[in-house]
Amino acid sequence: MLHTELAARTLRSNNSENARYNDCNCAVAVPWTKKYRTGQNINMENSVDVKIETKGERKPIKQNPLSKAGKRVCRAVGYITGDMKEFGAWLKDKPLMIQFIDWVLRGISQVMFVNNPLSGLIVVAGFLVQNPWWTLTGCLGTVVSTLTALILGQDRSAIAAGLYGYNGVLVGLLMAVFSAKGNYHWWLLLPVALVSMMCPVFTSALGSVFCKWDLPVFTLPFNLALTLYLAASGPHNLFFPTTVIQSATATPNITWTSAEMPMLLQSIPVGVGQVYGCGNPWTGGIFLIALFISSPLICLHAAIGSAVGMLAALSLATPFSKIYSGLWGYNSSLSCVAIGGMFYAFTWQTHLLAIACALFSAYLGATVTNMLSVFGVPSGTWSFCLSALTFLLISTNNSAIYKLPLSKVTYPEANRAYYLKMKKHQRSCCEV
């Protein structure tokens with residue numbers, strides 16, 4: 001009887017242990033199955049969490065139609081702003097003639113440091129508003145200059161960016177501007193083509209020297225080509241006479257009450273237009289639109305630089321007619337763009353430096369104009385080149401005044417993004 005009772009107790013104990021064992025197996029079965037399926041060593045609580053998260057992820061996320069439309073608009077705008085990199089990549093497998101048109105348009109806009117074919121097309125529209133004949137000579141200069149660079153075997157990426165075309169468009173425009181024969185003097189197309197052919201030669205030669213300091217050549221090839229042509233022909237040339245340029249011979253009679261504020265404000269877009277030799281305010285406004293499409297920062301600094309030039313002219317009691325014509329604004333506009341985010345990363349320090357460079361360029365422009373007028377030659381953009389190069393050669397220990405390598409220069413917004421990324425990388429390296 002005792003043995004029977006002990007056996008019964010042992011059997012009940014074994015059954016309860018087996019039940020607990022089975023319960024444990026059931027408890028372990030879920031994570032093991034999960035581990036087997038996913039290859040992850042997780043416990044039961046984690047497995048339940050994973051199931052819940054997976055279930056949550058399967059729920060469809062409702063997106064606002066307005067946010068979808070906004071993303072599409074931003075993506076579309078991104079294709080036409082900046083340097084239109086995607087469009088350039090799309091053209092690589094297209095016929096050479098189509099690519100060449102893109103290079104020419106980029107060269108036309110590169111005068112204002114804009115590498116954008118759409119902006120170049122809008123600039124051409126501005127030329128047509130100003131003068132169709134000037135449009136023809138300017139486009140001819142760009143085409144001949146770009147084609148010459150191809151024949152000379154210059155860097156294809158630089159040609160595609162328009163860096164061998166912008167000096168040619170300035171040569172073609174300004175040769176027509178300073179021609180005493182007026183519009184549609186068809187024989188002028190011959191010297192326009194010949195002089196434009198020299199621009200890639202000057203660009204390549206100066207580039208081989210300036211690369212030692214990682215400096216751009218700016219519009220120095222244009223200044224050299226135009227100055228040599230105008231000095232060689234002169235106002236008394238039988239075939240290609242130029243307009244007479246004389247230095248001031250008397251003190252101008254200026255009364256401050258005769259100043260017109262609307263005309264002074266109008267001189268700001270006119271100053272931007274005078275970068276291309278155009279004095280129509282509507283043309284200058286079209287140019288500002290072209291700049292804004294590519295880079296709002298370039299547009300902003302172009303307008304600020306032109307305004308600074310106008311203020312500098314007032315400080316020297318310049319005749320109002322010269323101020324209204326925008327002749328004091330174009331060098332300052334170019335200088336302000338070059339320093340304000342183009343070759344320096346955009347910060348508030350470089351913004352102030354750009355304004356200082358614009359002011360210096362305006363006063364230097366007056367000096368160069370008075371000097372060259374003695375020889376009957378226009379000042380061109382000599383003061384812009386000299387002032388911008390001077391400010392780019394500044395040495396400083398201020399990390400906020402950062403000069404970008406030429407190989408990294410694109411447009412101000414992208415330049416600033418590169419600068420911030422590089423600064424973040426330097427901080428992470430210092431922390432390590």
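1. Some words on unusual backbone geometry
- With a phi angle near 55 degrees, Asp214 is a residue other than glycine that sits in the positive phi range.
- The topology assignment puts Asp214 in the loop between helix H10 (189–210) and helix H11 (220–233).

2. Points about the pattern of salt bridges
- Under the defined criterion, the tally for this structure stands at 2 salt bridges.
- Here Asp93 ties to Lys94 by a salt bridge, and the two come within 3.1 Å at their closest N and O atoms.
- Owing to a relative accessible area of 24%, Lys94 belongs among the partly exposed residues under this scheme.
- Between Asp102 and Arg106 there is a salt bridge, with the nearest N and O atoms lying 2.9 Å from each other. Here Asp102 and its partner Arg106 are both found in helix H5 (residues 96–109), 4 residues apart, which amounts to about one turn of the helix.
- Its relative accessible area of 6% is what places Asp102 among the buried residues.

3. Some remarks on the packing of helix H14 (residues 296–315) against helix H16 (residues 330–342)
- Taken N-terminus to C-terminus, the directions of H14 and H16 make an angle of 140 degrees; their axes are 7 Å apart at the nearest point. In this view, H14 runs oblique relative to H16, as classed from their interaxial angle. H14 and H16 meet at a crossing whose hand is right-handed. Touching Ile298, His301, Ala302, Ile304, Gly305, Ser306 and Gly309 of H14 are Ser332, Ser333, Cys336, Val337, Gly340 and Met342, all from H16.

4. Here we look at the confidence of the model for the protein chain
- Of all residues in the protein chain, 84% attain a pLDDT of 70 or more, and the chain-wide mean is 86.
- Confidence drops under a pLDDT of 50 for residues 1–8, and excluding neighbours within four residues, the segment shows 0 contacts in the predicted structure.
- Note on residues 17–57: pLDDT is under 50 here. Beyond four places in sequence and across chains, it has 14 contacts.

5. Description of H11
- Taking 1.5 Å per residue, 14 residues should reach 20 Å; H11 reaches 20 Å between its end C-alpha atoms and fits that length.
- Buried within H11 we find Leu220, Pro221, Phe222, Asn223, Ala225, Leu226, Tyr229, Leu230 and Ser233.
- Where H11 is buried, its residues meet helix H9 (166–177), H10 and helix H18 (382–392).
- Backbone geometry just after H11 places Gly234 at a positive phi near 80 degrees.

6. Some remarks on the environment of Ala317
- Its location among the elements puts Ala317 in the loop between H14 and helix H15 (320–324).
- Non-local contacts of Ala317, meaning those with residues more than four positions away in its chain, are made with Ile254 and Trp256.

7. So, the side chain of Thr148
- One can find Thr148 in helix H7 (residues 132–151).
- With relative accessibility at 12%, the residue Thr148 sits in the buried group.

8. A short note on the environment of Val171
- Counting through the fold element by element, Val171 comes out in helix H9.
- Residues Val171 and Ala193, spaced 22 residues apart in sequence, show a C-alpha to C-alpha distance of 9.3 Å.
- Once residues within four sequence positions are removed from consideration, Val171 is found in contact with Val195, Ser196, Cys199, Phe222 and Ala225.

9. Notes on the packing of aromatic side chains
- Across all of its chains, the model carries 18 aromatic pairs by this definition.
- Between the aromatic rings of Phe127 and Tyr276, the centroid separation amounts to 5.3 Å while the plane-to-plane angle is 65 degrees, which identifies the pairing as edge-to-face. Highlighted residues: Phe127 in helix H6 (residues 117–130) and Tyr276 in the loop between helix H12 (261–273) and helix H13 (281–294), separated in sequence by 149 residues. Here Phe127 and Tyr276 have matching classes, each one buried.
- On the numbers, 5.8 Å between centres and 45 degrees between planes, the contact of Tyr184 with Trp186 is tilted.
- In textbook terms, an aromatic cluster arises when at least three aromatic residues are bridged by ring pairs, as seen for Phe113, Phe218, Phe343 and Phe384.

10. Brief notes about H10
- Here H10 is 22 residues long and its end C-alpha atoms lie 31 Å apart, about the 32 Å a rise of 1.5 Å per residue gives.
- Within H10, burial applies to Pro191, Val192, Ala193, Val195, Ser196, Cys199, Pro200, Phe202, Thr203, Leu206 and Phe210.
- If you follow the buried residues of H10, they end up packed against H7, H9, H11 and H18.

11. Notes on a positive patch on the surface
- A contiguous patch of positive charge, built from Lys68, Lys71, Arg72 and Arg75, is present on the exposed surface.
- For Arg75, a relative accessible area of 49% gives the class partly exposed.

Reading guide: rules and limits
Residues numbered from 1 in each chain as written. Predicted model: local features only at pLDDT ≥ 70, side-chain atom pairs only at ≥ 80, totals over all residues. Heavy atoms only, no water. Helix = DSSP H or I, 4+ residues; strand = E, 2+ residues; numbered from the N terminus. Salt bridge = Lys/Arg side-chain N within 4 Å of Asp/Glu carboxyl O. Buried < 20%, exposed > 50% of the residue type's maximum accessible area, 1.4 Å probe, protein only. Axes fitted to C-alpha atoms, helices over the stretch in contact; angles between N-to-C directions. Parallel < 35°, antiparallel > 145°, perpendicular 65-115°, else oblique. Left-handed = near helix turned anticlockwise from the far one by under 90°. Contact = heavy atoms within 4.5 Å. pLDDT = per-residue confidence, 0-100. Expected span 1.5 Å × (residues − 1). Phe/Tyr/Trp six-rings, centres within 6.5 Å; stacked < 30°, edge-to-face > 60°. Patch = residues over 30% accessible without salt bridge, like charges linked within 9 Å, V, L, I, M, F, W, Y side chains within 5 Å. Areas by Shrake-Rupley, 256 points an atom, 1.4 Å probe, with all protein chains shown as cover. Lys, Arg positive; Asp, Glu negative; His and termini not counted. Charge placed at Lys NZ, Arg CZ, Asp CG, Glu CD.

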